[in-house]
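# Observations on the model geometry
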Amino acid sequence: LVASASDHVVIAVRGDLTTQRVDAVVNAANEHLAHGGGVAAALSRAAGPGLQEESDTWVEAHGPVGPGIAAVTGGGQLAARWVVHVVGPRYRPGQDNPGLLTQAVETALDAAVGVGARSVALPAISAGIFGYPRQEACAVIARTASDWVDRNPEMLDEVRLVGWDDSTTTDFAAGLEGRQ
């Protein structure tokens, strides 16, 4: 399924984030960029040891990655040139979970464009160990990416919402459909 904004496109695809041939992949990171689990661990394994080394250097220089901040490192052995690290919300009742997730997605896209990326792949940020219900997270990410592209039509040629399984991919596609 495809949601498009002029010639620019936001698509849901099933695949492995670590093998996406895009300019930048987004990492669903933790504040210390310690890539020990989930998407972060998969990206770190595929990229090679340089990714963790660059991440450690970034944290030493700038401190933990907080809301509204993105750390950008090289992609190492990934097909992508850059990895944009953002920290999505740990899902908690009573906090503005959609607002925090929206901020993480917008920050990631802004940072990707800031380093010259024209294509970006995003995972289901916060829907893993951070406990955000997957269907809700995918809807927020799909809406936010599409809205961002609508507001910035000349900035990116492609945004891929990458589901590692059929369920996540279906949730991303439903999020795109719900926006049209």
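Refer to the structure above for everything that follows.
Here the structure is a predicted model, which means the values were calculated and not measured. (Residues numbered from 1 in each chain as written. Predicted model: local features only at pLDDT ≥ 70, side-chain atom pairs only at ≥ 80, totals over all residues. Heavy atoms only, no water.)

## Re the pattern of salt bridges
In the structure shown here, the tally under the stated rule is six salt bridges. For D171, the salt bridge goes to R134, with nearest N and O atoms at 2.6 Å. You can see D171 sitting in helix α5 (residues 166-179) and its partner R134 sitting in helix α4 (residues 134-151), a full 37 residues away along the chain. (Salt bridge = Lys/Arg side-chain N within 4 Å of Asp/Glu carboxyl O. Helix = DSSP H or I, 4+ residues; strand = E, 2+ residues; numbered from the N terminus.)

## A few points about unusual backbone geometry
Even without being a glycine, L33 presents a positive backbone phi close to 50 degrees. Looking at where L33 falls in the secondary structure, it is placed in the loop between β3 (24-28) and α1 (38-47). In this structure, S126 is a non-glycine residue whose phi angle is positive, near 75 degrees. Topologically, S126 is positioned in the loop between β6 (119-122) and α4.

## Some words on the layout of surface pockets
Considering only enclosed or pocket space, the largest pocket measures out at about 560 Å³ in volume. If you go around the largest pocket, you meet 31 residues; those closest to its centre are A28, G38, V39, A124 and G128. Examining the composition of the lining of the largest pocket, we find that five residues originate from one element, α1, more than from any other. Taken together, the residues that form the lining of the largest pocket break down as 18 nonpolar, 10 polar and three charged. Its boundaries defined by the atoms lining it, the second largest pocket holds a volume of some 160 Å³. Surrounding the second largest pocket, 14 residues form its lining, P67, V87, G88, P89 and L100 being those nearest its centre. Looking at the lining of the second largest pocket, its residues break down into six nonpolar, five polar and three charged. (1 Å grid on protein atoms, 1.4 Å probe; cavity = no way out; pocket = protein on both sides within 12 Å on 5 of 7 lines; lining within 4 Å. Points joined across faces, edges and corners; volume = space filled by probe spheres on them. Nonpolar A, V, L, I, M, F, W, Y, C, P; charged D, E, K, R; others polar.)

## Concerning the packing of helix α3 (residues 97-114) against α4
Two numbers describe how α3 lies on α4: the axes approach to 9 Å, and their chain directions differ by 45 degrees. Of the possible angle classes, the one that applies to α3 and α4 is oblique. Judged by the sense of rotation from one axis to the other, the crossing of α3 with α4 is right-handed. Between α3, through P98, L101, T102, V105, E106, L109, D110 and V113, and α4, the contact on the second element is made entirely by A137, V140, I141, R143, T144, A145, W148 and R151. (Axes fitted to C-alpha atoms, helices over the stretch in contact; angles between N-to-C directions. Parallel < 35°, antiparallel > 145°, perpendicular 65-115°, else oblique. Left-handed = near helix turned anticlockwise from the far one by under 90°. Contact = heavy atoms within 4.5 Å.)

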